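# Structural characterization, general
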Amino acid sequence: MSAIDKTRSKFSIVTVCFNNLDEVIETYRSIQDQSEKYFEWILVDGSQSDAIKSWFIGIEEKSSFPAQLISEKDAGVYDGMNKGLSIAAGDYITFLNSGDSFYSEEVLARVRDAAASKPMLIYGDAVELYPDGDEQLKVARHWSKCDQGMFAHHQSMFYLREAVKNYRYELTYKVAADYQLTCQLISEPGFLAQYIPYAICKFSVGGLSFQANIRGRREALCVRLLTLEQPMHKAIFVYALQWAAFLLKTKMPVFYKLLRYKRSSYG
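Predicted, not measured: the structure shown is a model, and the values here were computed from it. (Residues numbered from 1 in each chain as written. Predicted model: local features only at pLDDT ≥ 70, side-chain atom pairs only at ≥ 80, totals over all residues. Heavy atoms only, no water.)

## A closer look at unusual backbone geometry
Even without being a glycine, Gln48 presents a positive backbone phi close to 55°. Tracing the backbone shows Gln48 in the loop between strand 2 (39-45) and helix 2 (50-60). (Helix = DSSP H or I, 4+ residues; strand = E, 2+ residues; numbered from the N terminus.)

## Quick look at the pattern of salt bridges
Two side chains carrying opposite charge are able to pair once their charged atoms lie near each other. Across all of its chains, the model carries nine salt bridges by this definition. Close ionic contact of Asp91 with Lys118 constitutes a salt bridge, the shortest N to O distance being 3.7 Å. Of the two residues, Asp91 sits in the loop between helix 3 (77-87) and strand 4 (92-95) while Lys118 sits in the loop between helix 4 (107-114) and strand 6 (121-129), which places them 27 residues apart along the sequence. Across the salt bridge formed by Lys234 and Asp147, the nearest N and O atoms sit 3.0 Å from each other. A residue pair is termed long-range when its members are at least 10 positions apart, and Lys234 in helix 9 (residues 232-251) and Asp147 in the loop between strand 7 (135-138) and strand 8 (157-160) qualify at 87 residues. Residue class for Asp147 comes out buried when judged on its relative accessible area of 18%. Overlapping salt bridges, with partners in common, bring together Lys10, Asp91 and Lys118 in one network. (Salt bridge = Lys/Arg side-chain N within 4 Å of Asp/Glu carboxyl O. Buried < 20%, exposed > 50% of the residue type's maximum accessible area, 1.4 Å probe, protein only.)

The values are spatial; any link to function lies outside them.
Set out below in structure tokens:
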């Protein structure tokens, strides 16, 4: 595969997959439709799928943006993200995994405008897609509430490469490594972030973090204690609140949606 042209990439979009070509194609189409074309795409396939290799060769010749495929065994999704992070050349890096998509064609253009002041993190809202076809707008919280949990979907975040170039996702966390890396960045002196009041991504509810909810909440507790150095009593209180929210979401989903989601005001 041809190497990425490092001179023309404002954004690095990293997609991790595992033998799921249909979902890769869905994500690729979302990326291809962006009005902002100043980006690179890094596809990391831990399954070494021949079908994905063949498809990628075909689209690589036609794409208007540089693309690179890493096809080799990895230790899971976060290991794949680390591989993408290690070769990313764009000013900002985002992780849009297979099956996920950008909310609209204007996402990168909006992020480009927000990047003018070089914040260390740019983030926005997300649209959650339920198996029954229901779509809900999940508005991001302010980044300062990171001690209460992940304030926005990982797929709706753009990290300044210069700020995270020496970071890696901690593989001891199987579910909350994205939360740990984000909290690590927020803990840096002089941290600056920019919120965009617009949906960045579409995210299917039922992925890794949703299915592994119990482990995820335990890992998030460890992040608050070890990375944020949150007092034990506060960390446990947040843990209890998150469990209450989870029970509400599973036992009374209609009521939860009324409390947590908002109707889109930007189309």
